[in-house]
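# A structural walkthrough
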Amino acid sequence: QVQLVESGGGLVQAGGSLRLSCAASGSILRFNVMGWYRQAPGKEREMVALITSGGRTNYADFVKGRFAISRDNAKNTVYLQMNSLKPEDTAVYFCKASQTYSNYWGQGTQVTVSS
């Protein structure tokens, strides 16, 4: 069974930084894509950043130039470095791991950005 555990969320002032981690149970090389999504109160969950097993990345327009996704295969961990945070970045951030026919989600970590 795949387990994804997010960590690194918290309260930060606007303009600050946080680094989120997503630790997987077992090798992350078995996943075609891993990514970060977020969901703010009253809104739908949305994609933030993706990274393939080959290291290719994709970002939502609203985080380009501010967030960076990376992976450490040896540690079975995917990271999301978030810089220049804005109050509108406040949300629960979820890690997702995708295989051809299956998707797995973590339980999420809260990020709150104060103005």
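As shown above, the structure is provided for reference.
Described in the following lines is the structure provided in the data block. (Residues numbered from 1 in each chain as written. Predicted model: local features only at pLDDT ≥ 70, side-chain atom pairs only at ≥ 80, totals over all residues. Heavy atoms only, no water.)

With that out of the way, let us pick up the state of the cysteines. Enumeration over the complete set of coordinates arrives at one disulfide. A sulfur-sulfur separation of 2.0 Å characterises the disulfide bridge that pairs C22 with C95. Across the S-S bond of C22 and C95 the torsion is about -75°, and the bridge reads as left-handed. Of this pair, C22 sits in strand β3 (residues 18–24) while C95 sits in strand β9 (residues 91–98), and the two are 73 residues apart along the sequence. Take C22 and C95: they sit in the same class, and that class is buried. (Disulfide = S-S within 2.5 Å. Helix = DSSP H or I, 4+ residues; strand = E, 2+ residues; numbered from the N terminus. Buried < 20%, exposed > 50% of the residue type's maximum accessible area, 1.4 Å probe, protein only.)

Along the polypeptide, S25 turns up in the loop between β3 and β4 (33–39). Classification of S25 as partly exposed rests on a relative accessible area of 29%. Linking S25 and V78, residues 53 residues apart in sequence, is a C-alpha distance of 12 Å. Those residues in contact with S25 that lie beyond four places of it in its chain are Q1, V2, Q3 and R30. (Contact = heavy atoms within 4.5 Å.)

All right, on to unusual backbone geometry then. Unusually for a residue other than glycine, N76 sits at a positive phi of about 55°. Along the chain, N76 turns up in the loop between β7 (67–72) and β8 (77–82). Taking the relative accessible area as the measure of exposure, N76 reaches 19% and is therefore buried. Look at S84: it is not a glycine, yet its phi comes out positive at around 50°.

Right, let's talk about the sheet that holds β7 for a bit. Pairing within the open sheet is antiparallel, and its four strands lie in the order β1-β3-β8-β7. Of all the strands in the sheet, just β1 (4–7) and β7 have a single pairing partner and so form its edges. This sheet shows a mean twist of 15° between the axes of neighbouring strands, independent of strand direction. Bridging between β7 and β8 involves six bridges; their strand directions are antiparallel. Looking across to β8, one finds that R71 is bridged to V78. (Pairing = 2+ DSSP bridges. Axes fitted to C-alpha atoms, helices over the stretch in contact; angles between N-to-C directions.)

With 30 residues, the main nonpolar core has M34, W36, L80, M82 and Y93 as its most contacted residues. When residues no more than four places from it in sequence are discounted, the contact partners of M34 are L4, C22, I28, A49, L50, I51, I69, V78, C95, K96 and A97. (Core = buried A, V, L, I, M, F, W, Y, C linked by side-chain atoms within 4.5 Å.)

With that out of the way, let us pick up the packing of aromatic side chains. Per the stated rule, a full pass over the model turns up three aromatic pairs. Plain terms: the ring middles of Y37 and W105 are 5.0 Å apart, the flat faces sit at 65° to each other, and that makes the pair edge-to-face. Here W105 lies in strand β10 (residues 103–105) and Y37 lies in strand β4, a separation of 68 residues in the sequence. Measuring from centroid to centroid gives 6.4 Å for F94 and W105, while their planes differ by 85°, and the two rings are edge-to-face. (Phe/Tyr/Trp six-rings, centres within 6.5 Å; stacked < 30°, edge-to-face > 60°.)

The next subject is the pairing of β4. Within β4, five of the seven residues are buried, leaving the element largely enclosed by the surrounding structure. Two strands pair when backbone bridges link them, and β4 and strand β5 (residues 46–52) are joined in this way by six bridges, in the antiparallel orientation. In the strand pairing of β5, W36 is matched with A49. Adjacent in sequence and paired antiparallel, β4 and β5 are bridged by six residues, among which G42 carries a positive phi angle near 80°. One ladder, built from seven bridges, connects β4 with β9; its direction is antiparallel. Bridge pairing in β9 places M34 opposite A97.

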